[in-house]
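These are the residues of each chain, in order.
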Amino acid sequence: MVATYDAKTDYKVIGSTPIRHDGMDKVTGRAIFGADVKAPGLIWGDLLRSPHAHARIKSIDTSTAEAMDGVFAVLTHADFPQADDKSIDAGEGTVNLRRGQTNVMADGKVHYKGHVVAAVAATDRNTAREAARLIKVDYEVLPAISDVDTAMAAGAPAILDGLVGDHLGQKVENTNVARVFRHEFGDVDDAFANSDLVIERTVSMSMVHQGYIEPHNATAIWAQDGNLTVWSSTQGSFGVRSQTAGLLHIPESKIKVNYVEIGGGFGGKTVAYLAPVAALLSRKSGGRPVKLVMDRQSVFEASGPAPGGKIRMKIGVNKDGKITAADTDLILEAGGYPGSAVGAAATCVFACYNLPSSRITGYDVLVNKPKSAAYRAPGSPQASFAIETVIDEICDACGFDKIQFRLDNAAHEGTRRGDGVQFARVGLEECLTAAKESDHWNSPLGDAPAGKSRGRGLATAYWMNGGGKSTCDLMLQDDGTVMMNEGSADIGGTRTSIAMQAAEVLGIPVEDFHPSIPDTDSIGFTGVTGGSRTTYTTGMAAYNAAHKLITELQHRVADLWETEVDNVSFADGTFSANGDSIGIQNLAGKLDPTGGPATATASVNLAEAGNAYGVHICDVEVDLATGKTDVVRYTAIQDVGKAVHPQYAEGQIQGGAAQGIGWALNEEYFINSAGEMANRSFLDYRMPTPLDLPMIDTIMVEVPNPLHPYGVRGVGEVPICPPLSAATQAVKNAVGKPFYELPVKPGRILEAQNGI
Amino acid sequence: MHPFAYVAPGTIDEAVAVLNEHGDRARPMAGGTDLIVKARANAWELDAVVDIKNIPELMSLSDNGDGLSIGAGVPCYQVYGNSDIAAGYPGIIDGASIIGGIQIQSRAGLGGNLCNAAPSADGICPLIVHSAVAKITNASGTREVAVEDFCTGPSQTVLNTGDLLVSIEVPKPAANSGAAYTRFTPRNEMDIAVAGVGVMVVLDSSGQNFESARIALSAVGPTPILASAAGDSLAGKPVNDETIAAAAALARDAASPITDMRGTVEQRKQLVEVLTGRMINKAVERARG
């Protein structure tokens, strides 16, 4: 049984826009990020990475590196203990410990270029780097498999030794397809046979990277008493703890992970690539602190991007504008090890539509590219691109209004998602209605200058959001301020959005809160900042802790005033009993006779989250002679449940849209014939800059989430999904040609125009 | 990164002596925005880095009436930040102002851009169409090389061991002339040319006919390319869509691009034709004042 709440409207703190508590430190450069960590006696590590995308390691000779002056330790996979062959939760996906261990350091075989083969610790960074270059590795180079078609072709060499694929329940050996699964209901084939129109297309896309500014880093001290201390840029310190413990086969209780500020993650910082290696280097260096920091090339080549792949999409429709059936094959690149986001893609792919029948078949396919990781609504952007491309063609073919058609087929309360889950109250219809009424949708495109053409696209998307475990502690200080500990890494201002929820309960200004994110020894378990779970879930812990604190304070007031606790009421930050009243911040300094400090802690484990929908409208202007696309107007409409801090919610929507626009128009892993990512720098990996984006207008629709006391829904992820199709359909509208392959880069637009 | 000696001599002679001592394991450094990146990536293994920014001749920027002299170490911002130069040489400014972002332009200069010899260099084509000359010195004397002959391949130049680029000499533009440069990039800043075109035109006094023209192409061959046939085709011709289109088609023929992550052969050839037409028109506009 899940508790539900009635919507409130009369908030004091929720819905306001206070300055974030960490703002001053971040803008003045005082905030401590992972690469800033210093410790007495610190030495540096460096990693030797594979120059080949696919190869067997015949031998590794570390002797010259070990003999170099200044080198403390050289590490290969042989230094790792045997890890258990089991999977653990990494927040947004799972990590198989044995495979995770060979992903952080190759064991006999390299699966992608940049795969770590050995590590060195030395007096300084340059010495470590030079020593790593002295390690001699003898490779037997194997053909690189760079796409899902090659990986799935009969006779393709298997990338992962010993992989047994699960293909619809059948065990299959010697395969690159780790998993095939299906969700199906209704008679899909019969529905297609009886449809007025059926359109089937196959779309494809390349891997893309989250592009966080801060590279991965870790510093570790493995002390002689066996206790391991880690600092690492991560979306969740407890995830680093569990992965490091699992990969090193030591108890989690031996590890303390300290929180450091994080310079972006977007799902990519849920995997502990460096902490286990830094830990082993520290142990082998006599317990010295060892620091590892990736460079940008390694971030691109060897941390987890979002999968590329292919999606076949078939949709049937009747003349009355109702969808009859939908069928899709989602074929996503896992990278060098199993575990793409295809499961989440299957959850999201049909979630915008109320379908009478559907079939979803997912394929998790290994290729010689980095092991994919979560990226903002993992799997949903690709899925949204596929379905919205076909929906747009259906609307064009039948003359349906693109918003009305979506309204006529929209998922709503009671709709079953393609994987069977039934929706509670959701806000897609409200978002579509807001889009229909928006200034953007009702404004003409405007005239393009000579030689250019304008077009408009619209797309919807879905993300289920996350719940899980979180902890929050509140400590009322004598001066009436509140110390707050919570366990969520703060990526988007969540210290403040969490504190605001406790502040609303307590009637204390949020400016009087001092939020901290302590180490893993000092706060109850809290899952990663991911899945759009943090403001919802950790916020719920803060809400519960605040109510516990009120209850505690009611007892204290009863003590002070020598009355029964039942006589003490609390409203608007004031305790009252028998005609007396006292404000909570005044009360704070008077607690000593009642038992001293007042504290409260709350942990939650939320099974459900409430769902997020977005509808985006994109106008582009295309230079027909060069294929250059400029986004000239953009509006993102989203059901945010309740915007706790509207500026942060809007910032999430704008940031997601910016990343999705980049994914649509220019970003890609450009893989050359050797299986290497050729564009492994920010110069050639073309993320949009501020000059490439218009102001992204937002319309926040608030359909309260019945699972949260303030109606909060996660907001951070769904906004990256609609732009892939919205921008692509806008280009299609501008140039009159459809596009089935991402990115819709200038060269592809010229090709479509001129047949070149 | 291989450890290297950092040397910052105050005179050309001292700099040349260090370069001679270390041969190809020493490099002059102006802004360092290419050199340090290459050294860190171990693309260059250097024993000595010779910082030229303490050598007065290499840091001087002057317009003496007969032309412009740009010291090899002068950063881009000084070039485009000088209002006289900006007014007199707008085609050079077109290139200097789009090399990297503000931070890069504060260190990087046209001399380094030339010596780095990237096919995609934005600074080189404008110099070529201006008929600029590179002044090179070594232990035995000084010589001058036309900028279009300076680059011999990707990252390859006419500089030999012990050679030091002192300055780039740009002759004063003829009356009724105009120059312009642009590049195509998918993004609006912080990007690298898929193709680039520089144009210089000299018109007759009526402003209706071309007397001469020079057209140079970037990122469509192993070096920046002087498209002589394209430029020469305009000499003596009236300024009209037909003559401009014909020159643009010849520029397309002069391009010999490859397909890579930045673009395809066909895309680049088309871009050269389109951008050449646009830049001829822009240069004509500037020539007419």
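Just so we're clear, the structure is a prediction, and the values are computed from it rather than from any experiment.

### Quick word on the overall build of chain B
Of the regular secondary structure elements, chain B holds 11 helices and 14 strands. What you see for chain B is a C-alpha radius of gyration of 19 Å, in line with the 19 Å of a compact globule of 289 residues. Taken along its principal axes, the extent of the C-alpha atoms in chain B is 55 × 45 × 35 Å. Of all 289 residues assigned to chain B, the portion counted as buried reaches 53%. Sequence-distant contacts in chain B: of pairs separated by 6 or more residues, those separated by 24 or more amount to 65%.

### Brief notes about the sheet that holds strand S27 (residues 598-606) of chain A
All names here are of chain A. Read from one edge to the other, the open sheet built from four strands follows the order S23-S22-S21-S27, with strand pairing classed as mixed. Where the open sheet ends on each side, the last strands, each with one partner, are strand S23 (513-516) and S27. On average, each strand axis in the sheet is tilted by 15° relative to the strand beside it, whichever way the strands run. Across nine bridges, strand S21 (residues 468-476) lies against S27 in antiparallel orientation.

### Some remarks on the interface of chain B and chain A
Between chain B and chain A, the contact holds 19 residues from the first and 21 residues from the second. Among the elements that take part in the side of chain B that touches chain A, helix H11 (residues 265-287) of chain B stands out by supplying five residues, more than any other. Broken down by class, the residue content of the side of chain B that touches chain A amounts to eight nonpolar, five polar and six charged.

### Quick word on the packing of helix H17 (residues 646-665) of chain A against helix H18 (residues 722-735) of chain A
Residues and elements named next belong to chain A. Close contact between H17 and H18 brings their axes to 7 Å; oriented N to C, the two are set at 55°. Taken together, the axes of H17 and H18 lie oblique to each other. The handedness of the crossing between H17 and H18 comes out as right-handed. Each of Ala657, Gly660, Ile661, Trp663, Ala664 and Leu665 in H17 lies in contact with H18, whose residues at this interface are Pro722, Pro723, Leu724, Ala727 and Thr728. Looking at the contact of H17 with H18 residue by residue, the class counts come to nine nonpolar, two polar and no charged.

### Here we look at the sheet that holds strand S1 (residues 5-7) of chain B
All names here are of chain B. Across the sheet, which stays open at both edges, the three strands sit in the order S1-S3-S2 with parallel pairing between neighbours. This sheet does not close on itself; its edge strands, each paired only once, are S1 and strand S2 (26-29). The sheet shows a mean angle of 20° between the axes of neighbouring strands, taken without regard to direction. As paired elements, S2 and strand S3 (residues 48-51) share four bridges and run parallel to each other. When the bridges of S3 are listed, Arg27 appears paired with Val49.

### Digging into the domain arrangement of chain A
All names here are of chain A. Partitioning chain A into structural domains gives domain 1 (23-30 + 469-606), domain 2 (34-142 + 210-302) and domain 3 (425-465 + 610-754). The C-alpha centroid of domain 3 is placed 36 Å from the C-alpha centroid of domain 2. The interface is formed by eight residues belonging to domain 2 together with nine residues belonging to domain 3.

### Let's talk about helix H8 (residues 275-284) of chain A
Residue and element names in this part refer to chain A. A large share of H8 lies buried, amounting to nine of its 10 residues. Among the residues of H8, Ala275, Pro276, Val277, Ala278, Ala279, Leu280, Leu281, Ser282 and Arg283 are the ones counted as buried. Looking at the residues trailing H8, positive phi occurs at Gly286, about 75°.

### Notes on the pairing of strand S1 (residues 43-49) of chain A
Residues in a regular strand point their side chains to alternate faces of the sheet. All names here are of chain A. Summarising burial for S1: seven of the seven residues are buried, a large majority. Residues of S1 alternate between two faces, with Ile43, Gly45, Leu47 and Arg49 on one and Trp44, Asp46 and Leu48 on the opposite face, all of them buried. One ladder, built from two bridges, connects S1 with strand S16 (residues 290-293); its direction is parallel. Bridging across to S16, Trp44 finds its partner in Lys291. One ladder, built from six bridges, connects S1 with strand S7 (residues 116-122); its direction is antiparallel.

### Regarding the nonpolar core
Leu330(A), Ala502(A) and Ala727(A) are the most contacted members of the largest nonpolar core, which has 227 residues in total. Sort the elements by how many residues they give to this core and helix H15 (residues 534-560) of chain A lands first, with 10 residues. Non-local contacts of Ala502(A), meaning those with residues more than four positions away in its chain, are made with Leu474(A), Met484(A), Ala542(A), Tyr543(A), Ala545(A) and Ala546(A). Among the nonpolar cores identified, the runner-up in size contains 97 residues, and Ala132(B), Val202(B), Val239(B) and Ala254(B) belong to it.

### Notes on the packing of helix H11 (residues 380-398) of chain A against H18(A)
Residues and elements named next belong to chain A. Contact geometry of H11 with H18 gives a least axis separation of 7 Å together with a crossing angle of 35°. The handedness of the crossing between H11 and H18 is right-handed. Contact with H11, carried on its side by Pro381, Ser384, Phe385, Glu388, Thr389 and Asp392, involves Pro722, Leu724, Ser725, Thr728 and Gln729 of H18 and no other residues of that element. Counted by class, the contact of H11 with H18 contains four nonpolar, five polar and two charged residues.

Basis of the calculations
- Residues numbered from 1 in each chain as written.
- Chains lettered and ligands numbered in written order.
- Predicted model: local features only at pLDDT ≥ 70, side-chain atom pairs only at ≥ 80, totals over all residues.
- Helix = DSSP H or I, 4+ residues; strand = E, 2+ residues; numbered from the N terminus.
- Rg over C-alpha atoms; globule rule 2.2 N^0.38 Å.
- Buried ≥ 20, exposed ≤ 12 C-beta atoms within 10 Å, placed from the backbone.
- Contact = placed C-beta atoms within 7 Å.
- Pairing = 2+ DSSP bridges.
- Axes fitted to C-alpha atoms, helices over the stretch in contact; angles between N-to-C directions.
- Nonpolar A, V, L, I, M, F, W, Y, C, P; charged D, E, K, R; others polar.
- Parallel < 35°, antiparallel > 145°, perpendicular 65-115°, else oblique.
- Left-handed = near helix turned anticlockwise from the far one by under 90°.
- Domains from an automatic or database assignment.
- Core = buried A, V, L, I, M, F, W, Y, C linked by C-beta atoms within 7 Å.

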